[in-house]
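# Topology and contacts: notes
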Amino acid sequence: QRQMCIRDRPDIVAYLSGLVISEIMYHPESDGDLEFIELTNVGSVALSLGPLRFTDGIVFDFSTGTISSLAPGGRVLLVKNRAAFEAVYGSDLPVTGEFFSGSLKNEGESVVLSYGDDLVLREMIFDDMFPWPAAAGGGGGSLVLMNPEGDPDHVDPQNWRSSVTSGGNPGGSDALSYQDEGLLDYALSGVPFFDPERRTLTIPLVPGADAVIATPE
């Protein structure tokens, strides 16, 4: 008599709600070896990294990494070339390993983070063209996920911005916290301008002022 073995699907709820791709340096301004991807645990429980894989865009098996668990609020980095990365950013950042293969394409591409080989946790397709942030496409900045604690949709380019400074901010956040200074003072770096010929509205925002969303009405 033939027996059938049915494996239980792993419980990935904590990963889906707590693990985000928080920063991507896909087109460094000077040295292509400085590419990196950062994950952040925005949840309330520690997450084991062993079951995780990058299966598209780049290839990496986190079970081979030097960091096995990510505490709440913790960040972990995956880099293209560790020696080149540490020469610029230092050796005290939470780097778990190097890409197994591949590079992040300068013109943008698909990135897939999975639990095991087939349970997709995060999937996105970034680009170096509008509406994706221009400064991240070779202008020196990285892609930064805004308000990661709110579990934003990674697919929507409106949830991403360029890093405040050139080179990005691996291992930390460059977002500005709101200090009750008034929303306009916090968010605007100048006066909004409407171009009647092009029928476009330009709203100059302070880089890193992620606590507000500017929506014309």
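Attention in this report is confined to the structure presented alongside it. (Residues numbered from 1 in each chain as written. Predicted model: local features only at pLDDT ≥ 70, side-chain atom pairs only at ≥ 80, totals over all residues. Heavy atoms only, no water.)

### Some points on the sheet that holds strand β10 (residues 119-125)
- Judged by pairing direction, the sheet is antiparallel, and its four strands sit side by side in the order β5-β4-β9-β10 without closing on themselves. Here the strands that pair on one side only, and so sit at the sheet edges, are β5 (60-61) and β10.
- Pairing geometry for strand β9 (residues 110-115) and β10, over six bridges, is antiparallel. Within the sheet, the bridge partner assigned to Tyr 115 lies in β10 and is Leu 119. (Pairing = 2+ DSSP bridges. Helix = DSSP H or I, 4+ residues; strand = E, 2+ residues; numbered from the N terminus.)

### What about the pattern of salt bridges?
- Considering all chains together, one arrives at six salt bridges under this definition.
- Lys 80 is paired through a salt bridge with Asp 33; the nearest N and O atoms lie 4.0 Å apart. Taken together, the residues Lys 80 in the loop between β7 (75-79) and α2 (82-89) and Asp 33 in the loop between β1 (19-25) and β2 (36-41) connect sequence positions 47 residues apart.
- With a relative accessible area of 26%, Lys 80 lands in the partly exposed category.
- In this structure, the salt-bridge partner of Arg 53 is Asp 61, at a minimum N-O distance of 3.1 Å. (Salt bridge = Lys/Arg side-chain N within 4 Å of Asp/Glu carboxyl O. Buried < 20%, exposed > 50% of the residue type's maximum accessible area, 1.4 Å probe, protein only.)

### Description of the nonpolar core
- Counting residues in each nonpolar core, the largest one holds 33 residues, and the members touching the most others are Leu 19, Ile 24, Leu 52, Phe 54, Leu 104 and Phe 126.
- Mapped by element, the contributors of at least two residues to this core are β1, β2, β4 (52-56), β7, β9, β10 and β11 (143-145).
- For this core, the element with the highest residue contribution is β1, accounting for four residues.
- In terms of nonpolar packing, the next biggest core, distinct from the first, is built from six residues, Met 25, Leu 77, Val 79 and Phe 85 among them. (Core = buried A, V, L, I, M, F, W, Y, C linked by side-chain atoms within 4.5 Å.)

### Here's the deal with the environment of Ala 175
- With respect to the helices and strands, the residue Ala 175 is situated in the loop between β12 (160-162) and α3 (183-187).
- Judged by relative accessible area, Ala 175 falls into the partly exposed class, the value being 35%.
- Sequence separation of Ala 175 and Pro 196 is 21 residues, and the distance between their C-alpha atoms is 33 Å.
- Other than its neighbours up to four places away in sequence, Ala 175 contacts Arg 161, Gly 208 and Asp 210. (Contact = heavy atoms within 4.5 Å.)

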